[in-house]
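# Structural description and commentary
Residue-level listing of the chains:
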Amino acid sequence: MQRKAYVPGVAALLAALLTGCTGGSGATGDATDSKPGDVGTSAVAARPGKYRTLPEPCRQPDKGTLDRMLPGIKELPEGEQRDKSYEGAATVTYDTDRRVGCRWKDDGADATHRLLVDFERVVSYDSTVSDDTEAGQVFASKRTEAHLPEPVPTDTTSPTPSHSPSAGTDENAGDDTEKEGKKSGKTDEGASDEASDDTSSSPSDDSAPDAELQPRALEGLADEAFLDDQLTARASAGGHRTVTVVFRTSNVIVTVEYEQQPGPSAKVPDSKEMQDRAQELARKLAGTLGG
């Protein structure tokens with residue numbers, strides 16, 4: 001009798017164990033199936049920017065660059081005053097991980113020069129927007145604020161003028177013109193040839209070089225860049241010129257601002273010379289950043 005009672009008890013125990021294992025595997029399977037769906041619907045965090053720190057701005061321009069852009073420094077006597085001029089002065093900032101800058105100034109015999117180098121590291125606070133994308137938007141805002149003019153078209157071919165008379169033109173005007181031409185011994189063709197000769201002998205347009213130096217987007221500098229050139233007329237001097245180069249490399253935006261105020265008897269600051277110097281420094285800074 002004891003043997004018969006023992007066998008059903010063992011069978012019941014085995015059945016309970018099998019039921020528990022089956023239920024556990026079923027719960028695990030349900031949990032596993034639900035995870036892929038959760039992962040697929042969750043937002044993927046955008047990649048952080050390339051740069052996590054900023055360089056020391058006052059150490060970026062070398063002495064040779066400062067001598068070319070700020071020639072008045074070399075006129076200072078050797079010693080502490082000249083050394084301080086080369087060192088520059090750091091701009092006031094509240095977070096050196098996000099923005100740093102440095103200023104230099106010289107007071108030469110013919111002009112006063114000022115130079116600013118500014119680094120801004122952009123960080124996105126939206127997990128779905130990358131730092132690079134956010135920096136691109138900040139750069140676009142700066143470019144919009146500069147009010148860059150439309151690029152000058154390279155095709156200078158002018159359309160053929162229309163010879164059809166306007167609605168208000170007297171039909172007899174053409175006959176009168178022809179008669180006057182015969183009296184003066186010049187036909188329409190002769191007049192046209194003379195006009196052509198006058199045009200070819202006229203002096204070249206002085207505004208062409210200025211068009212090449214106008215504010216514009218710059219190619220081949222970092223991810224994107226632009227140049228601004230502003231001349232402010234002064235009654236007591238030739239004018240105050242400010243050339244600004246702004247470029248973006250990844251999530252860092254760099255600004256080079258170069259100013260020149262000539263003396264009372266000096267000429268207007270040369271635009272090409274100032275632009276060349278500002279761009280030279282900007283390209284060196286981009287190379288330092290690896291942009």
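The structure displayed is predicted, hence computed values, not measured ones.

A tally of helices and strands in the protein yields eight helices and seven strands. In the protein, buried positions account for 30% of the 291 residues. Accessible surface, the protein: about 19400 Å² in total, of which carbon and sulfur atoms supply 52%.

This paragraph deals with the environment of Thr-232. Assignment of secondary structure puts Thr-232 in strand E5 (residues 224–234). A relative accessible area of 40% places Thr-232 in the partly exposed class. In this structure, the C-alpha to C-alpha distance between Thr-232 and Thr-242, residues ten residues apart in sequence, is 8.3 Å. Once residues lying within four places of it in the same chain are set aside, the contact partners of Thr-232 are Gly-239 and His-240.

Attention now goes to the pattern of salt bridges. Counted under the stated rule, the structure contains 13 salt bridges. Salt-bridge contacts for Arg-248 lead to Glu-224; the nearest nitrogen and oxygen are separated by 2.8 Å. Of this pair, Arg-248 sits in strand E6 (residues 237–249) while Glu-224 is found in strand E5, placing the two residues 24 residues apart along the sequence. An identical accessibility class is assigned to Arg-248 and Glu-224; each is buried. The residue Glu-280 makes a salt bridge to Lys-284 at a minimum N-O spacing of 3.8 Å. Of this pair, Glu-280 and Lys-284 both sit in helix H8 (residues 271–289), four residues apart, which is roughly one turn of that helix. Residue classification places Lys-284 among the partly exposed positions, given a relative accessible area of 33%.

This paragraph deals with the pairing of strand E7 (residues 252–262). Burial runs high along E7: ten of the eleven residues are buried. As judged from the eleven bridges shared by strand E3 (residues 111–121) and E7, these two strands associate in the antiparallel manner. Within E7, the position partnered with Leu-116 by the bridge is Glu-257.

What follows is about the state of the cysteines. Here the structure, examined in full by the defined rule, presents one disulfide. Across the disulfide, Cys-58 is cross-linked to Cys-102 (sulfur-sulfur distance 2.1 Å). Disulfide Cys-58-Cys-102: the torsion about the S-S bond is 100°, which places it as right-handed. You can see Cys-58 sitting in the loop between helix H1 (2–41) and helix H2 (63–69) and its partner Cys-102 sitting in strand E2 (residues 99–107), a full 44 residues away along the chain. No difference in accessibility class separates Cys-58 from Cys-102, as the two residues are buried.

Bringing the environment of Ala-140 into the picture now. Within the secondary structure, Ala-140 sits in helix H4 (residues 131–146). Given a relative accessible area of 24%, Ala-140 falls into the partly exposed group. When the C-alpha atoms of Ala-140 and Glu-224 are compared, they prove to be 9.7 Å apart, with 84 residues separating the residues in sequence.

Our next topic: unusual backbone geometry. Across residues other than glycine, the phi torsion is negative in most instances, and most of the peptide bonds are trans. Unlike most non-glycine residues, His-147 shows phi in positive territory, near 55°. With respect to the helices, strands and loops of the structure, His-147 is situated in the loop between H4 and helix H5 (173–183). Judged by its relative accessible area of 66%, His-147 falls in the exposed class. Despite not being glycine, Ala-222 shows a phi value in the positive range, around 55°. Assessed through its relative accessible area of 25%, Ala-222 is described here as partly exposed.

What follows concerns the side chain of Thr-242. Relative to the assigned elements, Thr-242 resides in strand E6. By relative accessible area, Thr-242 is classed as buried at 16%. Beyond its immediate stretch of four places on either side in the chain, Thr-242 contacts Asp-228, Asp-229, Gln-230, Glu-257, Tyr-258 and Glu-259.

Judged by how many residues are buried, E3 sits mostly within the fold: ten of eleven residues are covered. When E2 meets E3, the two strands line up antiparallel, connected through nine bridges. If you follow Trp-104 over to E3, its bridge partner there is Leu-115. In this antiparallel pair of consecutive strands, E2 and E3, the connection spans three residues.

A few words on the confidence of the model for the protein. The share of residues in the protein with pLDDT of 70 or more is 63%, and the mean pLDDT across the chain is 76. Here residues 1–7 is a poorly scored stretch, pLDDT under 50, and it has zero contacts once near neighbours within four places are set aside; other chains count. This model gives residues 21–41 a pLDDT under 50, and the stretch forms zero contacts once residues within four places in sequence are excluded.

Cut-offs applied
Every residue gets a number counted from 1 within its own chain, in the order that chain's sequence is written. Residue-level local features of this predicted model are given only where pLDDT is at least 70; pairs of side-chain atoms are given and counted only at 80 or more, and the full residue set underlies all totals for whole chains, interfaces and linings. Computation of side-chain values: all heavy atoms of the structure, hydrogens and water removed. Only DSSP runs of H or I reaching four residues or more are called helices, and only runs of E reaching two or more are called strands; each is numbered from the N terminus. Three exposure classes are used, based on accessible area relative to the maximum for each residue type with a 1.4 Å probe and protein chains only: buried under 20%, partly exposed in between, and exposed over 50%. Method for areas: the Shrake-Rupley scheme with a 1.4 Å probe, in which residue coverage is limited to the protein chains shown. Only heavy atoms enter the contact rule, under which two residues are in contact if any of them lie within 4.5 Å. Counted as salt bridges are all cases of a side-chain nitrogen of Lys or Arg within 4 Å of a carboxyl oxygen of Asp or Glu. In this scheme, strands are said to pair when DSSP sees at least two bridges between them. Sulfur atoms of two cysteines make up a disulfide when they are within 2.5 Å. As a per-residue measure, pLDDT tells how confident the predictor is, with possible values from 0 to 100.

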